[in-house]
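# Coordinates in review
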Amino acid sequence: MPFDHCAECRRCCFVEEGYPPLEISLTKKETQSLGGVCIETHCPHLGPAGCTLGETKPFSCKLYPLAYNPQHREFHYDSDCPLMPEYVRQLKDTGSEASRHLADCSKELARLEKTDSGFLKNNFAIDSDYFDLKKLPFQPFSKEN
């Protein structure tokens, strides 16, 4: 299971020394409940067993290691995430953890395209600026949808 590695790695919950803080983009609803989340050195919601927010974990965090470009309806990924080779490999299996993650994220992204497009634009701008993004080889959305 690729996401089992996340609890050990936690790279996405830390900002390396010398890098600027990472302001986590939040949906309108998340902003109402969380106010804001900024990772200066490590995420303030990171506990010994992972994220302490549970179901209220921000969607941008749930989406990681993926990034979504709403203008082109394309998925990208953070090339620095050690999970990605296994994630991409698993996308060939529709029952895999990676395929379920992509399907769940795609469903939420389709909803957000209708209800919170500003979040999507802002999130991709932050991801593009902060991460070394590569285009995901499998794209679940077509430009015609």
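I will try to describe carefully the structure that is included in this document. Here the structure is a predicted model, which means the values were calculated and not measured.

## Remarks on the overall build of the protein
- When helices and strands are tallied, the protein shows 6 helices and 7 strands.
- Listing every helix and strand of the protein by position from the N terminus yields α-β-α-β-β-β-α-β-β-α-α-α-β.
- When the backbone C-alpha atoms are referred to their principal axes, the protein occupies close to 40 × 30 × 30 Å.
- Among the 145 residues that make up the protein, the fraction classed as buried is 41%.

## A word on unusual backbone geometry
- A cis amide bond links Y64 with the next residue in sequence, P65, at an omega value of 15°.
- If you check the backbone angles, R10 has positive phi at about 60° while not being a glycine.
- Here R10 lies in the loop between α1 (6–9) and β1 (22–24).
- Classification of R10 as buried rests on a relative accessible area of 17%.
- Although it is not a glycine, R73 sits at a positive phi angle of roughly 55°.

## Comments concerning the sheet that holds strand β7 (residues 133–135)
- Spatial ordering of the open sheet is given by β5-β6-β7, a layout of 3 strands whose pairing is antiparallel. Edge positions in the open sheet fall to β5 (66–69) and β7, since each of these has one partner strand only. For this sheet, the mean inter-axis angle between neighbouring strands, taken without regard to orientation, is 40°.
- Of the strand pairs in this sheet, β5 and strand β6 (residues 74–78) are connected by 4 bridges, and their pairing is antiparallel. Counted as the bridge partner of L66 is Y77 from β6.
- Along the sheet face, helix α5 (residues 97–115) touches β5 and β6 and points at about 35° away from the line of β5.
- Lying on the sheet, helix α6 (residues 117–130) is in contact with β5, β6 and β7; it crosses β5 at an angle near 125°.

## As for the pattern of salt bridges
- Following the criterion strictly, the structure yields 5 salt bridges and no others.
- Note that E108 is salt-bridged to R111, the shortest N-O span being 2.6 Å. Residue E108 and its partner R111 are located together in helix α5, separated by 3 residues, close to a single helical turn.
- On the basis of relative accessible area, E108 is assigned to the partly exposed category, the value being 23%.
- Two residues, K134 and D132, come together in a salt bridge whose shortest N-O distance is 3.8 Å.
- Looking at D132, the relative accessible area reads 37%, which means it is partly exposed.

## Considerations on the packing of α5 against α6
- Axis separation between α5 and α6 bottoms out at 6 Å; the angle between their running directions is 115°. Within the contact between the two elements, α5 uses L109, L112, E113 and T115 and α6 uses S117, F119 and L120.
- Of the residues assigned to the contact of α5 with α6, the class counts are 4 nonpolar, 2 polar and 1 charged.

## Considering the environment of L34
- Locating L34 in the fold gives a position in helix α2 (residues 28–34).
- Relative accessible area serves as the criterion here: at 23%, L34 is assigned to the partly exposed category.
- Excluding anything up to four places from it in sequence, L34 contacts L26, L53, T56 and P58.

Definitions and limits used
Residues numbered from 1 in each chain as written. Predicted model: local features only at pLDDT ≥ 70, side-chain atom pairs only at ≥ 80, totals over all residues. Heavy atoms only, no water. Helix = DSSP H or I, 4+ residues; strand = E, 2+ residues; numbered from the N terminus. Buried < 20%, exposed > 50% of the residue type's maximum accessible area, 1.4 Å probe, protein only. Pairing = 2+ DSSP bridges. Axes fitted to C-alpha atoms, helices over the stretch in contact; angles between N-to-C directions. Contact = heavy atoms within 4.5 Å. Salt bridge = Lys/Arg side-chain N within 4 Å of Asp/Glu carboxyl O. Nonpolar A, V, L, I, M, F, W, Y, C, P; charged D, E, K, R; others polar.

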